Amino acid sequence: MASKKPTVNPKTGSAKIDIGISESDRAKIAAGLSGLLADSYTLYLMTHNFHWNVKGPMFNTLHLMFMTQYTEQWGALDLIAERIRALGYPAPGTYKQFVELASIKEIEGVPPALEMVRHLVSAQEATARTARALFPLLEKANDQPTADLITQRLDLHEKTAWMLRSLLEE
């Protein structure tokens, strides 16, 4: 049985995408994922910055914890960007785009160690909220691959926020 030859989009000259998700829904999902990518990149950069600049009695613990976290986040960036591409849209990839799309604001200067932890808790929770907001659209569009990705990201961000939060308790 011969496979169907892809049709070409006359506007772009590229092959049309027919994966069972409407173009409108793919555009909305890609936009939501772009916000998640921006939050994730901002969180990655914040975590890496804090890894480089942490000091004080908890230095070793936080330095190693932050390295584990930013390393995991780096891999997640690719997964999110590639899902945007699979849906047929360009992934944002500049600092300017990330600043415009992110719900997380950059931190000025070098805060004390426990303040770093507080900022990271807040950023992990913000990233989780951004991810969670996609579920109604994913359910409507019947987009299980994106839902699976979002579920995995939520699990990680919620767990990481909990672990960081535990450092703030007496």
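The coordinates are above.
In every chain, residue numbers begin from 1 and rise along the written sequence. The predicted nature of this model means local features are confined to residues of pLDDT at least 70 and side-chain atom pairs, given and counted, to a pLDDT of 80 or more, with totals for whole chains, interfaces and linings taken over all residues. The basis for every side-chain value is the complete set of heavy atoms in the structure, and neither hydrogens nor water enter the calculation.

Draft legend 1. Spotlight on the overall build of the protein chain. Within the protein chain, the secondary structure is distributed over 6 helices and 0 strands. When the helices and strands of the protein chain are placed in sequence order, the string is α-α-α-α-α-α. Principal-axis analysis of the C-alpha atoms gives the protein chain an extent of 65 × 30 × 25 Å. Taking all 170 residues of the protein chain together, 42% fall into the buried category. Here a residue-residue contact requires only that any non-hydrogen atoms of the pair lie within 4.5 Å. Intrachain contacts of the protein chain at a sequence separation of at least 6 include 75% that bridge at least 24 residues. Where accessible areas are quoted, they stem from the Shrake-Rupley method and a 1.4 Å probe; at the residue level, only the protein chains shown are allowed to cover. Here the protein chain displays about 10,100 Å² of accessible surface, and carbon together with sulfur accounts for 57% of that area. Strands here mean DSSP runs of E at least two residues long; helices mean DSSP runs of H or I at least four residues long; both are numbered from the N terminus. For each residue, the accessible area found with a 1.4 Å probe, counting protein chains only, is set against the maximum for its type, and the residue is called buried under 20%, exposed over 50%, and partly exposed in between.

Draft legend 2. The packing of helix H1 (residues 23-53) against helix H4 (residues 113-132), seen in detail. Axis angles are defined between N-to-C directions and span 0 to 180 degrees, where every axis is a line fitted to C-alpha atoms and, for a helix, only to the segment in contact. Where H1 contacts H4, the axes come no closer than 9 Å and their chain directions differ by 165°. Regarding the angle of H1 to H4, the classification is roughly antiparallel. At the point where H1 passes H4, the crossing takes the left-handed sense. Of the residues in H4, those in contact with Gly 35, Leu 36, Asp 39, Ser 40, Leu 43, Met 46, Thr 47, Phe 50 and Asn 53 of H1 are Met 116, His 119, Leu 120, Ala 123, Gln 124, Ala 126, Thr 127, Thr 130 and Ala 131. Looking at the contact of H1 with H4 residue by residue, the class counts come to 9 nonpolar, 8 polar and 1 charged. Any angle that falls under 35 degrees is termed roughly parallel, while one over 145 is termed roughly antiparallel, one within 65 to 115 roughly perpendicular, and all others oblique. The crossing is said to be left-handed when, going from far helix to near helix, the turn is anticlockwise and less than a right angle, and right-handed when the turn is clockwise. Under the scheme applied, nonpolar residues are Ala, Val, Leu, Ile, Met, Phe, Trp, Tyr, Cys and Pro; charged residues are Asp, Glu, Lys and Arg; polar residues are all the others, including Gly.

Draft legend 3. View of the layout of surface pockets. Of the voids in this model, the largest pocket is the one considered here, and its volume is about 270 Å³. Around the largest pocket, the lining is made up of 14 residues, and of these Thr 42, Leu 45, Lys 105, Glu 106 and Ile 107 lie nearest the centre. Counting residues per element, the lining of the largest pocket draws most heavily on H1, which supplies 5 residues. Its residues assigned to classes, the lining of the largest pocket comprises 9 nonpolar, 3 polar and 2 charged. Site definitions follow a grid-based scheme: protein atoms alone, a 1 Å grid, a 1.4 Å probe that fits but cannot get out for cavities, and for pockets an open set with protein on both sides within 12 Å along at least five of seven lines, plus lining residues having an atom within 4 Å of a point. Grid points are joined across faces, edges and corners, and a volume is the space filled by probe spheres set on the points.

Draft legend 4. Seen up close, the side chain of His 51. By the secondary structure assignment, His 51 is in helix H1. Within polar-contact distance, the side chain of His 51 engages the backbone oxygen of His 63 at 2.8 Å. If we ignore the near neighbours within four places in the chain, the residues touching His 51 are His 63, Phe 66, Met 67 and Tyr 70. In the analysis that follows, any N or O atom pair within 3.5 Å is treated as a polar contact, provided that within protein one partner can donate a hydrogen and the other can accept it, and provided that, for residues neighboring in sequence, both atoms belong to side chains.

Draft legend 5. Broad picture of the packing of aromatic side chains. Each pair of aromatic rings taken from Phe, Tyr and Trp, with Trp reduced to its six-membered ring, is defined by centres within 6.5 Å and is described as stacked if the planes are under 30 degrees apart, edge-to-face if over 60, and tilted in the remaining cases. Taken as a whole and judged by the stated rule, the model has 5 aromatic pairs. For the pair Tyr 41 and Phe 98, a centre-to-centre distance of 4.7 Å together with 20° between the ring planes defines the contact as stacked. With Tyr 41 in helix H1 and Phe 98 in helix H3 (residues 95-101), this pair connects stretches of sequence that are 57 residues apart. Grouped by ring-pair contacts, the aromatic residues Tyr 41, Tyr 44, Tyr 70, Trp 74, Tyr 95 and Phe 98 constitute a single cluster.

Draft legend 6. Molecular detail of the nonpolar core. We call a set of buried Ala, Val, Leu, Ile, Met, Phe, Trp, Tyr and Cys residues a nonpolar core when their side-chain atoms join them within 4.5 Å. Core analysis: the largest hydrophobic core is formed by 29 residues, its most contacted members being Ile 29, Leu 33, Leu 37, Ile 80, Ile 84, Leu 138 and Ile 150. Looking at this core, the elements with two or more residues in it are H1, helix H2 (59-86), H4, helix H5 (135-141) and helix H6 (144-166). With 8 residues, the single largest contributor to this core is H1. In this structure, Leu 62, Val 117, Ala 123 and Ala 126 belong to the second largest nonpolar core, which totals 15 residues.

Draft legend 7. Layout of H1. If you check H1, its first and last C-alpha atoms are 44 Å apart, about what 31 residues at 1.5 Å a residue would give, namely 45 Å. The buried count for H1 comes to 22 of 31 residues, which makes it a mostly enclosed element. An expected span of 1.5 Å times one less than the residue number is assigned to each helix.

Draft legend 8. The arrangement of the pattern of salt bridges in detail. By definition here, a salt bridge exists when the distance from a side-chain nitrogen of Lys or Arg to a carboxyl oxygen of Asp or Glu is within 4 Å. Per the stated rule, a full pass over the model turns up 6 salt bridges. One salt bridge in this structure joins Asp 25 and Lys 140, with 2.9 Å as the shortest N-O distance. With a gap of 115 residues between them, Asp 25 in helix H1 and Lys 140 in helix H5 connect regions that are remote in the sequence. In this structure Lys 140 comes out as exposed when scored by relative accessible area, which is 58%. When the shortest N-O distance is used, the salt bridge between Glu 72 and Arg 153 registers 2.6 Å. Here Arg 153 lies in helix H6 and Glu 72 lies in helix H2, a separation of 81 residues in the sequence.

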